[in-house]
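Fold and contact review
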Amino acid sequence: MGNINFDISMLLPPKRNDYAGLKISMWFLILINIVGTVRSLIHMFYFDSGAQSIASMNINVNGGKNIVALLAQWGGAQFIMAIIIWIVLWRYRELIPLMITEILIEQILRLGIGCMKPLVTVHRPPGAIGSIIIIPLSMMMLILSLIRSES
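No experiment lies behind these values; they were computed from the predicted model shown.

Observations regarding the environment of Asn58
Position of Asn58 relative to the elements: it lies in the loop between α1 (23–45) and α2 (64–91). Note: C-alpha distance between Asn58 and Gln78 (20 residues apart in sequence) is 23 Å. In this structure the side chain of Asn58 is engaged in a polar contact, spanning 2.9 Å, whose partner is the backbone nitrogen of Asn60.

As structure tokens, then:
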């Protein structure tokens, strides 16, 4: 058995940033990730995780604290994804199409799961409306991210 060397630099390999797609897709990912970062922080740190104050869920029921806790935990998962996207935008832009694909798949799953297990709310939560808008936009941006730019 050879030498075993711990190398923390392997966590983030050298910066490449050789994205060849159209810039509009990068700006789309930045905008989506700003929203995603803010959303994750609201879910994690706002007093009701945004459940009642934003999504109009009734949390004044038995198990209401569980709704808040689950949204906060979901916010943690969203925050991890937002950090990964920020790292891609900072160091590994060649992965922009992959990140847009992740956003597209997440939105399709949210819409599908929302149809199978609909939320009971006073009004439609912003995320439900957002998914309907983001799915076709993500499809378009994914295609544009795969077109090689001449510049």
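A closer look at the side chain of Arg91
Note that Arg91 resides in helix α2. Nearest to the buried, unbridged Arg91 among oppositely charged side chains is Glu94, at 9.0 Å. A distance of 3.2 Å separates a polar atom in the side chain of Arg91 from a polar atom in the side chain of Tyr92. The residues touching Arg91, leaving out its near neighbours within four places in the chain, are Leu12, Pro13, Pro14, Lys15, Arg16 and Asn17.

Some words on the packing of aromatic side chains
Considering all chains together, one arrives at one aromatic pair under this definition. Plain terms: the ring middles of Tyr46 and Phe47 are 4.8 Å apart, the flat faces sit at 55° to each other, and that makes the pair tilted. Under the relative-accessibility criterion, Tyr46 is labelled partly exposed at 40%. Assessed through its relative accessible area of 64%, Phe47 is described here as exposed. Over the face of the ring belonging to Trp90 we find Arg91, whose NZ or CZ atom lies 5.1 Å from the ring centre.

Description of unusual backbone geometry
Even without being glycine, Asn17 reaches a positive phi, approximately 50°. Structurally, the position occupied by Asn17 is in the segment before α1. Positive phi is not limited to glycine here, since Ser56 has a value of about 60°. As for its placement among the helices and strands, Ser56 is situated in the loop between α1 and α2.

Concerning the environment of Arg93
Residue placement: Arg93 occurs in the loop between α2 and α3 (96–116). Note: C-alpha distance between Arg93 and Lys15 (78 residues apart in sequence) is 9.2 Å. Residues in contact with Arg93, not counting those within four places in the same chain, are Asn17, Tyr19, Met26 and Val88.

Some remarks on the pattern of salt bridges
Within this structure, the stated rule accounts for three salt bridges. Asp18 is the salt-bridge partner of Arg16, the closest N and O atoms lying 2.9 Å from each other. Judged by its relative accessible area of 41%, Asp18 falls in the partly exposed class. The partner of Glu94 in a salt bridge is Arg16, with the nearest N and O atoms 3.9 Å apart.

Brief notes about helix α4 (residues 126–145)
Within an α-helix, residues lying three or four positions from one another point in the same direction, as the helix has 3.6 residues per turn. Relative to the 28 Å expected for 20 residues at 1.5 Å per residue, α4 spans 26 Å between its end C-alpha atoms, a close match to the ideal helical length. Of all the bends in α4, the greatest reaches close to 30° and is centred on Ile134; the proline Pro136 follows between one and four positions later. Contact partners of the buried residues in α4: α1 and α3.

Observations concerning the packing of α1 against α2
One way to put it is that α1 packs onto α2 with a least axis distance of 8 Å and a crossing angle of 150°. The angle between α1 and α2 places the two elements in the roughly antiparallel class. The handedness of the crossing between α1 and α2 comes out as left-handed. Within the contact between the two elements, α1 uses Met26, Leu29, Ile30, Asn33, Ile34, Thr37, Arg39, Ser40, Leu41, His43 and Met44 and α2 uses Leu71, Ala72, Trp74, Gly75, Gly76, Gln78, Phe79, Ala82, Ile85, Trp86 and Leu89. Per-class residue counts for the contact of α1 with α2 are 14 nonpolar, seven polar and one charged.

The rules behind these values
Residues numbered from 1 in each chain as written. Predicted model: local features only at pLDDT ≥ 70, side-chain atom pairs only at ≥ 80, totals over all residues. Heavy atoms only, no water. Helix = DSSP H or I, 4+ residues; strand = E, 2+ residues; numbered from the N terminus. Polar contact = N/O pair within 3.5 Å; in protein donor to acceptor, adjacent residues only side chain to side chain. Buried < 20%, exposed > 50% of the residue type's maximum accessible area, 1.4 Å probe, protein only. Lys, Arg positive; Asp, Glu negative; His and termini not counted. Salt bridge = Lys/Arg side-chain N within 4 Å of Asp/Glu carboxyl O. Contact = heavy atoms within 4.5 Å. Phe/Tyr/Trp six-rings, centres within 6.5 Å; stacked < 30°, edge-to-face > 60°. Lys NZ or Arg CZ within 6 Å of the ring centre and 35° of its normal. Expected span 1.5 Å × (residues − 1). Bend = angle between axes of the 7 residues up to and from the residue. Axes fitted to C-alpha atoms, helices over the stretch in contact; angles between N-to-C directions. Parallel < 35°, antiparallel > 145°, perpendicular 65-115°, else oblique. Left-handed = near helix turned anticlockwise from the far one by under 90°. Nonpolar A, V, L, I, M, F, W, Y, C, P; charged D, E, K, R; others polar.

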